[in-house]
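# Reading the structure
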Amino acid sequence: MQAEIIRAPAEARCQEELQRLKAWDKYPRPTGWQISPRAVEKFILGDPELNIKPKYIGDRDRIQVAIATLVSDRALLLVGEPGTAKSWVSEHLSAAICNDSQLTIQGTAGTTEDQIKYSWNYALLMAEGPSDRSLVPSPILTAMRAGRIARFEEITRCVAEVQDALISILSEKAIAIPELERVEYAKRGFNIIATANTRDRGVNEMSAALKRRFNFVELPVLSDLQQEMSVVRQRTQEMLAEHELQLDLSDELVETLTTVFQELRMGQTLDGEQKVKSPSTVMSTAEAVSVLFGGCLLATHFGEGMVNGSHVMRLLVGAIAKEDKNDLESLSEYLETVVKKREGRVWKELYETRRWLKSL
Ligand SMILES: Nc1ncnc2c1ncn2[C@@H]1O[C@H](COP(=O)(O)OP(=O)(O)O)[C@@H](O)[C@H]1O
Ligand SMILES: [Mg+2]
């Protein structure tokens, strides 16, 4: 079944790993959790002995704080630049803790309080009046009833009043349903993982009362070349496997592409010798993965089956021009002042295909 679904949820994709962890797990589990915090940590950061693949590459301490927060009374807020794996970590944490990453609210400017608490099936409401049948619980109410994790994506995109509807849920762990003359209390195991983008309307604008109910954990942009290369390589390989494609990714290609991303992001060459103009677009790790994967698709379907710098260049141009076409000038300058001088096959391929810049 799974092969036909474009994207199965984490608990389905990682079912075998979660089974192995359950069998191994001898540590105390918080009420409502299917595995212990230690096992959740192994699930997120990987464990070669148990053959658990790392989901997140980065700082162990931050992940431990995130997991410990979820055992506490406080909710977890993952903050960071776009593409730093906030949603990815949130999905995998909920899959590990309660085998359900689907109780999710996507925050937008149009999110309403109903979507956070509950709403009604209006046909049934008209026919029967307020009843359990006509009540439509929100993902949060469902999570409270079952003692699970609810996810709230991009919370800062919601208007302040809607965000503040969470305050009473988080402090009282209950939702009042006056129409049914009832209060629903959260079962143990319930908590919320929210994510917020530092590029959006800021986290600073959240009300002080709401901020106090969250522990903030920042997921940083990876500045270490080797670490970022492992993410780019691993995620691209996973995506190739999901699409049943076989293609060799050369270390040289992964290293060159990741270097391009780091140098454009930081505004200087890795050796610190030369300044580079940074594009206004976010040069995120996630974007590097999609550029490389896009290059792989070009190579598979229109090339000789070997992905090279020229394939990658075509995707890179689109990724950089996404927000502002003027960003292509930064890329063009980078090609002329940095890439041109570099030795190595992939650097040369990037430089030689600079004509793609003019194609947009
Ligand atoms: N440090 C990292 N470790 C593992 N994967 C990462 C890392 N940083 C980014 N990624 C990858 O980037 C992709 C995008 O992440 P996402 O969670 O959508 O970003 P965000 O929600 O922060 O904008 C995911 O596929 C994830 O695997
Ligand atoms: Mg996200």
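Small disclaimer: the values here were computed from a predicted structure and weren't measured.

Moving on to the overall build of the chain. Each helix and strand in the chain was counted, giving 16 helices and nine strands. Reported as C-alpha extents along the three principal axes, the dimensions of the chain are approximately 75 × 45 × 40 Å. Looking at the 360 residues of the chain, the share that counts as buried comes to 50%. Contacts in the chain between residues far apart in sequence, at least 24 positions, make up 70% of those at least 6 positions apart. Summed over all atoms, the accessible surface of the chain reaches about 17500 Å², with 50% contributed by carbon and sulfur. Mean positive and mean negative side-chain charge positions of the chain (45 and 52 charges, respectively) differ by 2 Å.

This part is about the domain arrangement of the chain. You can read the domains of the chain as domain 1 (2–218) and domain 2 (225–359). Contacts between domain 1 and domain 2 engage nine residues on the former and eleven residues on the latter. Regarding the contact of domain 1 and domain 2, the summed buried area is about 830 Å², with carbon and sulfur atoms giving 56% of it. Viewed at the interface, domain 2 and domain 1 are joined by zero salt bridges. Counting the contacts that link domain 1 with domain 2 gives two residue pairs in polar contact (both at pLDDT 80 or more). In terms of residue class, the side of domain 1 that touches domain 2 is built from four nonpolar, two polar and three charged.

This next bit is on the packing of helix α14 (residues 309–320) against helix α16 (residues 345–352). One way to put it is that α14 packs onto α16 with a least axis distance of 8 Å and a crossing angle of 50 degrees. Taken together, the axis directions place α14 and α16 in an arrangement best described as oblique. Considering how the two elements wind past one another, α14 and α16 form a crossing that is right-handed. Together, Gly 309, Ser 310 and Met 313 of α14 and Val 346, Glu 349 and Leu 350 of α16 make up the contact between the two elements. For the contact of α14 with α16, the class distribution of residues is three nonpolar, two polar and one charged.

Below, the discussion takes up α16. Every α-helical turn comprises 3.6 residues, leaving residues that sit three or four positions apart pointing alike. Buried within α16 are the following residues: Val 346, Trp 347, Glu 349, Leu 350 and Tyr 351. Tucked into the core, α16 has its buried residues touching α12 (251–266), α14 and α15 (327–337).

Taking strand neighbours across the sheet as the criterion, the five strands line up as β2-β5-β8-β1-β9 in an open arrangement whose pairing is parallel. Looking at the sheet topology across the chains shown, the edges are occupied by β2 (104–106) and β9 (214–218). Between one strand axis and the next, the sheet turns by 20 degrees as a mean value, whatever way the strands run. With three bridges connecting them, β2 and strand β5 (residues 149–153) associate as parallel partners. Considered in β5, the bridge of Thr 104 is made with Arg 151. Contacts from helix α4 (residues 60–71) reach β1 (75–80), β5, β8 (191–197) and β9, with the element oriented near 160 degrees to β9.

Of note, the phi angle at Ala 85 is positive, near 80 degrees, even though the residue is not glycine. Within the secondary structure, Ala 85 sits in the loop between β1 and α5 (86–98). At Lys 173, a residue that is not glycine, the phi angle is positive and equals roughly 55 degrees. Within the element layout of this structure, Lys 173 appears in the loop between α9 (160–172) and β6 (174–177).

So, on to the pairing of strand β7 (residues 182–185). Where β6 lies against β7, four bridges are found, and the strand directions are antiparallel. Bridge pairing in β7 links Ile 177 to Arg 182. Hairpin connection of β6 to β7: four residues between the antiparallel strands, including Glu 181 at a positive phi of 50 degrees.

The rules behind the values
- Residues numbered from 1 in each chain as written.
- Chains lettered and ligands numbered in written order.
- Predicted model: local features only at pLDDT ≥ 70, side-chain atom pairs only at ≥ 80, totals over all residues.
- Heavy atoms only, no water.
- Helix = DSSP H or I, 4+ residues; strand = E, 2+ residues; numbered from the N terminus.
- Buried < 20%, exposed > 50% of the residue type's maximum accessible area, 1.4 Å probe, protein only.
- Contact = heavy atoms within 4.5 Å.
- Areas by Shrake-Rupley, 256 points an atom, 1.4 Å probe, with all protein chains shown as cover.
- Lys, Arg positive; Asp, Glu negative; His and termini not counted.
- Charge placed at Lys NZ, Arg CZ, Asp CG, Glu CD.
- Domains from an automatic or database assignment.
- Buried area = accessible area lost by both parts, 1.4 Å probe.
- Salt bridge = Lys/Arg side-chain N within 4 Å of Asp/Glu carboxyl O.
- Polar contact = N/O pair within 3.5 Å; in protein donor to acceptor, adjacent residues only side chain to side chain.
- Nonpolar A, V, L, I, M, F, W, Y, C, P; charged D, E, K, R; others polar.
- Axes fitted to C-alpha atoms, helices over the stretch in contact; angles between N-to-C directions.
- Parallel < 35°, antiparallel > 145°, perpendicular 65-115°, else oblique.
- Left-handed = near helix turned anticlockwise from the far one by under 90°.
- Pairing = 2+ DSSP bridges.

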